[in-house]
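This is what each chain is made of:
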Amino acid sequence: MKILAAMSGGVDSAVAAARAVEAGHEVVGVHLALSRMPGTLRTGSRGCCTVEDSMDAQRAANIIGIPYYVWDFSERFKLDVVDDFIAEYAAGRTPNPCMRCNEKIKFAALLEKAIALGFDAVCTGHYASIVTDADGNRELHRASAWAKDQSYVLGVLTKEQLAHSMFPLGATPSKAEVRAEAAERGFSVANKPDSYDICFIPDGDTRGWLGERVAPATGDILDREGNKLGEHEGAVAFTVGQRKGLSIGTPAADGKPRFVLEVRPVSNTVVVGPKEALAIREIAGTKFTWAGLAPEHPEIEFACDVQIRAHADPEPAVAQVISVPADPTATPPVEAHTELRILPNEPLTGVAPGQTAVVYVGTRVLGQCTIDRTVSAVPVRAIPDVAVPVPADSATINA
């Protein structure tokens, strides 16, 4: 096949491109320039897609003996990833920019251009596997090395995108083996540190970065009963589950620390409460997709595992697609819609709207949804955006 190898400048994508060549494919390497800042340089393991990374990818392509290009995707990256990241935080949600990059850039914009140029597939260095079933349908599965498995961040891929994807590292037992292979091939990136943190915030100071881009507005910090405990200088700086930086002078009645339970951008308020209230018994999202064939009857509850972060453990759950009727009396009004609802067997912690919930059946990635709402396992009363009576048994956070 004619393969476009996305080369980030790291060891994984370099080895993946080399393996694609050895498998007999016609391979062309491409590095995505995602920033127009010519002085952007990498600092150790912080940052990616920098000038240094482009040069590393070029050197690897030269050794492999394949054509190499740099494509400018900076404008698309800004619109679909960076601006989306800012908008999500401003709306009180916690986004995952790596998911958006895979969804909008690597397997949408890049894949579209590759197909238009006559390529059959895009090859990346992700640790994940594609399995073809007896009927010829392609499925996304976990990598054999679970410690490096990256199927979670690929959960946004659709059936059509899987048909044009290639992951040569999926069956590799360990990252150490990939580094050893890179060294044998003479790649200078054999011992290059893996990148981490958000690539466009290389210093790791997300709060400071957002503070420069979202105008701060003072608001109230409330407890679950709606009592004012203090003030904040900008709700965008808070995320669900946060403990530090609340600056609440009044101690809780039980003397225990309080955590952010909810960020409400409409009223510019932050709701805090006990750690126990962070336990979540239900999550749901309207933006859901299936990786490969969809379940034949998704409206019927089915057993699965759910994973809410890239490095979280999968948790047993049941899921189904449900229809939600319109409710014009709700605050804000609710339009009729369908959503993927997931009920974990045991309450989850560290869950916030904006995160991605990926659903597995065994090792197969079945699909995913962006979390719109969560329901606490502990009854919680939080003041609504508009003062309306709240039932005493209300259990909804971020409804």
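Residues numbered from 1 in each chain as written. Predicted model: local features only at pLDDT ≥ 70, side-chain atom pairs only at ≥ 80, totals over all residues. Heavy atoms only, no water.

S.K.: Any details on the sheet that holds strand 11 (residues 269–273)? Residues and values, ideally.
M.R.: In spatial order, the strands read 9-8-11-10; together these four strands make up an open sheet with mixed pairing. For this open sheet the edge positions go to strand 9 (228–232) and strand 10 (259–264), each flanked by a neighbour on one side alone. The sheet shows a mean angle of 25° between the axes of neighbouring strands, direction not considered. Across two bridges, strand 8 (residues 219–222) lies against strand 11 in parallel orientation. Paired with isoleucine 221 across the two strands is valine 270, which belongs to strand 11. (Pairing = 2+ DSSP bridges. Helix = DSSP H or I, 4+ residues; strand = E, 2+ residues; numbered from the N terminus. Axes fitted to C-alpha atoms, helices over the stretch in contact; angles between N-to-C directions.)

S.K.: Talk me through the environment of tryptophan 290; I want residue IDs and the actual numbers.
M.R.: Looking at where tryptophan 290 falls in the secondary structure, it is placed in strand 13 (residues 287–290). Owing to a relative accessible area of 15%, tryptophan 290 belongs among the buried residues under this scheme. Through-space distance from the C-alpha of tryptophan 290 to that of isoleucine 115 is 22 Å; in sequence the pair is 175 residues apart. Leave out the neighbours within four places in its chain, and tryptophan 290 touches Leu157, Thr158, Lys159, Pro295, Pro298, Phe302, Val321, Leu340, Leu366 and Gly367. (Buried < 20%, exposed > 50% of the residue type's maximum accessible area, 1.4 Å probe, protein only. Contact = heavy atoms within 4.5 Å.)

S.K.: How would you summarise helix 4 (residues 97–116) if you had to cite specific residues and measurements?
M.R.: Along helix 4, the sharpest change in direction is near 30° and occurs at leucine 110. Turning to helix 4, its buried residues are Pro97, Met99, Arg100, Cys101, Asn102, Ile105, Phe107, Ala108, Ala109, Leu110, Leu111 and Ala114. Its side-chain oxygen placed 3.0 Å from the backbone nitrogen of cysteine 98, asparagine 96 serves as the N-cap of helix 4. Immediately downstream of helix 4, the backbone of glycine 118 shows phi near 95°, a positive value. (Bend = angle between axes of the 7 residues up to and from the residue. Polar contact = N/O pair within 3.5 Å; in protein donor to acceptor, adjacent residues only side chain to side chain.)

S.K.: So what's going on with the packing of aromatic side chains? Residues and values would help.
M.R.: Counted according to the given criterion, the structure contains eight aromatic pairs. Seen in terms of ring centroids, phenylalanine 77 and phenylalanine 200 are 6.0 Å apart; in terms of plane orientation they differ by 75°. Their pairing is edge-to-face. Residue phenylalanine 77 is located in helix 3 (residues 74–90), and its partner phenylalanine 200 is located in the loop between helix 6 (175–185) and helix 7 (206–211); the two are separated by 123 residues in the primary sequence. Each member of the pair, phenylalanine 77 as well as phenylalanine 200, is classed as buried. (Phe/Tyr/Trp six-rings, centres within 6.5 Å; stacked < 30°, edge-to-face > 60°.)

S.K.: Which residues make up the pattern of salt bridges, and what values do they have?
M.R.: Across all of its chains, the model carries 23 salt bridges by this definition. With a closest N to O distance of 3.0 Å, glutamate 231 and lysine 228 form a salt bridge. On the basis of relative accessible area, glutamate 231 is assigned to the partly exposed category, the value being 46%. Linked through salt bridges whose partners overlap, the residues forming this network are Asp12, Lys148, Lys175, Arg179 and Asp194. (Salt bridge = Lys/Arg side-chain N within 4 Å of Asp/Glu carboxyl O.)

Interpretation in functional terms is not warranted from these geometric data alone.
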